[in-house]
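In case you want the letters, here they are:
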Amino acid sequence: MGNEITQLLERASAGEPAQLSEVFERLYPELRQIAAARLRPGERTLTPTMLVHELYLRATSGEPLSASSRRHFFTTAAKAMRWILVDHARRRAAGKRGGDLLEVTLTDSLAGTPAPDVLGVHEALESLGEIAPQQRDIVELHYFGGLEFAEIAAVLEVSERTVYRQWQRARAFLHAQLA
């Protein structure tokens, strides 16, 4: 299947946009699974389906996607999902400051497990990217892209041990930034 996806991506880059639709159709279950893992528990305004559809809209509008392989496609998709989540969080934060007032009654359930603040994670990743771009890439690929360490090592062309070591450092940095 990896070779088929690579061929479809090459044809899409060569000017056949319908091929990109085929890539999304074939990889939809995996993309939806990645999207579901990235959303906050109890998220009501953005579903995995909506996230994948937004990814599709962004990938098919504008310049052609320049992914050269299945792994590269997932790397690109992970970064795009991150930006979609950040945009969504910014819109919601604007709403909290009075942008779209919503009446909340005492009967509404406000219980739920707190999840990391998407904007806080974004800002911490930007800070990490300034001092250690490879660590930021590893976090994006693992957290947002759902790739395993071996897959990340292949994408970045480094050893799996290096990826794991960089992941540990990045996690420590992000924990410190978010604390």
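1. Things to note about helix α2 (residues 18-38)
Argument step 1. Maximum bend of α2: about 65°, positioned at L27, with proline P29 one to four residues after it.
Argument step 2. Among all positions in α2, only Q19, L20, V23, F24, L27, L31, I34, A35 and R38 are buried.

2. Structural notes on the nonpolar core
Argument step 1. The biggest cluster of nonpolar side chains holds 43 residues, and the ones touching the most others in it are L20, V23, L31, L51, F73 and L128.
Argument step 2. Mapped onto this core, the elements with two or more residues apiece are α1 (2-13), α2, α3 (48-60), α4 (70-99), α5 (118-131), α6 (133-144), α7 (149-156) and α8 (160-178).
Argument step 3. Beyond its immediate stretch of four places on either side in the chain, L128 contacts P133, Q135, R136, V139, A170, F173 and L174.

3. Structural notes on the packing of α5 against α6
Argument step 1. At their nearest, the axes of α5 and α6 sit 6 Å apart, and the two run at 145° to each other. Seen from α5, the contacting residues are V121, L125, L128, G129 and I131; seen from α6, they are P133, Q135, R136, V139 and F144.
Argument step 2. Of the residues in the contact of α5 with α6, the class split is seven nonpolar, two polar and one charged.

4. Overview of the environment of G145
Argument step 1. Mapped onto the fold, G145 is located in the loop between α6 and α7.
Argument step 2. Residues G145 and A35, spaced 110 residues apart in sequence, show a C-alpha to C-alpha distance of 8.6 Å.
Argument step 3. With residues up to four places along the chain from it excluded, the contact list for G145 reads I34, R38, A78 and E140.

5. So, the layout of surface pockets
Argument step 1. Put simply, the second largest pocket is a space of about 260 Å³.
Argument step 2. Of all elements in the fold, only α5, α6 and α8 reach the threshold of two or more residues within the lining of the second largest pocket.
Argument step 3. Element by element, the count of residues in the lining of the second largest pocket is highest for α8, at five residues.
Argument step 4. Its residues placed into classes, the lining of the second largest pocket shows eight nonpolar, one polar and one charged.

6. Concerning α6
Argument step 1. With 12 residues, α6 should cover 16 Å at 1.5 Å per step; its first-to-last C-alpha distance of 16 Å lies within 8% of that length.
Argument step 2. Those residues of α6 lying buried are Q135, D137, I138, V139, E140, L141 and F144.
Argument step 3. Positive backbone phi, approximately 75°, marks G146, located one or two places after α6.

7. Some thoughts on the pattern of salt bridges
Argument step 1. Using the criterion set out here, one finds nine salt bridges in the structure.
Argument step 2. As a salt-bridge pair, K79 and D137 come within 3.9 Å of each other at their nearest N and O atoms. In this pair, K79 sits in helix α4 while D137 sits in helix α6, placing the two residues 58 residues apart along the sequence.
Argument step 3. Assessed through its relative accessible area of 18%, D137 is described here as buried.

8. Description of the confidence of the model for the chain
Argument step 1. Considering every residue of the chain, the mean pLDDT works out to 79; 84% of them sit at 70 or more.
Argument step 2. Here α4 stands out as the element of the chain with the lowest mean pLDDT, 77, in contrast to α8, whose mean of 92 is the highest.
Argument step 3. Taken as a whole, residues 100-115 scores under 50 in pLDDT and shows seven contacts with residues more than four places along the chain or in a different chain.

9. Brief notes about the side chain of H122
Argument step 1. By secondary structure assignment, the location of H122 is in helix α5.
Argument step 2. H122 gets classed as buried once you look at its relative accessible area, which sits at 6%.

10. Section: the packing of aromatic side chains
In this description, a pair of aromatic rings is defined by centroid distance and the angle of the planes.
Argument step 1. The full count for this structure, using the stated rule, is five aromatic pairs.
Argument step 2. Judged by centre distance (5.1 Å) and plane angle (85°), the ring pair of F24 and Y56 falls under edge-to-face. Residue F24 is located in helix α2, and its partner Y56 is located in helix α3; the two are separated by 32 residues in the primary sequence.
Argument step 3. For F24, a relative accessible area of 5% translates into the label buried.
Argument step 4. Ring geometry for F73 and F74: centres 5.8 Å apart, planes at 75°, overall edge-to-face. An identical accessibility class is assigned to F73 and F74; each is buried.
Argument step 5. Taking NZ or CZ as reference, R82 lies 5.3 Å from the ring centre of W83, over its face.

Calculation notes
- Residues numbered from 1 in each chain as written.
- Predicted model: local features only at pLDDT ≥ 70, side-chain atom pairs only at ≥ 80, totals over all residues.
- Heavy atoms only, no water.
- Bend = angle between axes of the 7 residues up to and from the residue.
- Helix = DSSP H or I, 4+ residues; strand = E, 2+ residues; numbered from the N terminus.
- Buried < 20%, exposed > 50% of the residue type's maximum accessible area, 1.4 Å probe, protein only.
- Core = buried A, V, L, I, M, F, W, Y, C linked by side-chain atoms within 4.5 Å.
- Contact = heavy atoms within 4.5 Å.
- Axes fitted to C-alpha atoms, helices over the stretch in contact; angles between N-to-C directions.
- Nonpolar A, V, L, I, M, F, W, Y, C, P; charged D, E, K, R; others polar.
- 1 Å grid on protein atoms, 1.4 Å probe; cavity = no way out; pocket = protein on both sides within 12 Å on 5 of 7 lines; lining within 4 Å.
- Points joined across faces, edges and corners; volume = space filled by probe spheres on them.
- Expected span 1.5 Å × (residues − 1).
- Salt bridge = Lys/Arg side-chain N within 4 Å of Asp/Glu carboxyl O.
- pLDDT = per-residue confidence, 0-100.
- Phe/Tyr/Trp six-rings, centres within 6.5 Å; stacked < 30°, edge-to-face > 60°.
- Lys NZ or Arg CZ within 6 Å of the ring centre and 35° of its normal.

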